[in-house]
Amino acid sequence: YRLPAKVLALHGFGLWGDFRIAGETVQSQDFSRKAIKKLPHSWKGGTEMDFLSYLNSSKYDFIRKNPRLGRRIILLGLGGSYAYGTENENSDIDFRGIAMNLPSDLLGLTDFEQYTDDATDTVVYSFNKMVRLLLECNPNTIELLGLDEPQYLIKTPLGQELLNHRSLFLSKRAIRSFGGYADA
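Here the structure is a predicted model, which means the values were calculated and not measured. Throughout this description, residue numbers start from 1 for each chain and increase along the sequence as written. In keeping with the predicted nature of the model, local features appear solely for residues at pLDDT of at least 70, side-chain atom pairs appear and are counted solely at 80 or more, and the whole-chain, interface and lining totals rest on all residues. Excluding hydrogens and water, the side-chain values take into account all heavy atoms of the structure.

## Description of the environment of L76
The following threshold applies: Only DSSP runs of H or I reaching four residues or more are called helices, and only runs of E reaching two or more are called strands; each is numbered from the N terminus. For this analysis, residues touch if any pair of their heavy atoms sits within 4.5 Å.
Mapped onto the elements of the fold, L76 is located in strand β5 (residues 73-79). Put simply, L76 and I98 are 22 residues apart on the chain and 6.6 Å apart in space, counted from C-alpha to C-alpha. Residues contacting L76, with those up to four places away along its chain left out, are L55, I63, F95, R96, G97, V124, Q151, Y152, L153 and I154.

## Let's talk about the pairing of strand β6 (residues 94-99)
Under the convention used in this document: Only protein chains enter the calculation, and the probe is 1.4 Å; a residue is then buried if its accessible area is under 20% of its type maximum, exposed if over 50%, and partly exposed in between.
Among the six residues of β6, six are classified as buried, and the element is accordingly described as predominantly covered. Side chains D94, R96 and I98 project from β6 onto one buried face, and the interleaved F95, G97 and A99 project onto a second face that is buried too.

## Some words on the pattern of salt bridges
Short version of the rule: Salt bridges, as used here, are contacts in which a Lys or Arg side-chain nitrogen is within 4 Å of a carboxyl oxygen on Asp or Glu.
With the rule as written, the count across this model stands at six salt bridges. Taking the shortest distance from any N to any O, the salt bridge between E113 and K129 comes out at 3.7 Å. Placement of E113 in the loop between α6 (103-106) and β7 (114-117) and of K129 in helix α7 (residues 127-135) is noted, with a sequence separation of 16 residues between them. A relative accessible area of 36% places E113 in the partly exposed class. Overall, K129 belongs to the buried group, its relative accessible area being 16%. By sharing partners, the salt bridges in this structure join D61, R64 and K65 into a single network.

Right, here's the structure in full:
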């Protein structure tokens, strides 16, 4: 399994260029709370919901304020029942995402694998950990590559590059990893 050179070359360095946030193009220097707040978004998968309002609420401040998240997030989308279209009035909202590792992580000076916020059911994986889990066809992570376009709230060019190469991560390993869930 090899990622394209373009993906590897961008990994761990500053993210520049246009971002796709909730279907709108935004310059990276505008990627801020202000830029996200002005973008409209709703997804109809049985229940109409404005997910950006949730993402912009104070309980999700950690996404904007944590230096390992914020501008380092390359992909953020729905998870759980809203991703599958099986939500009901009692469903909670889950977000799953990928953030670029810091250069210090790549040098072994710091370590970041994932950020989990139990209060909001949000998990953001480091790029390195996500690639490792995707190569194992981990069911909890592979779903992020198969969302419908409106279900991505943040998508950078590097996030799109990963989506463009999602077929690299589908293999016969899925039988073993998904089969383990069936046996549980």
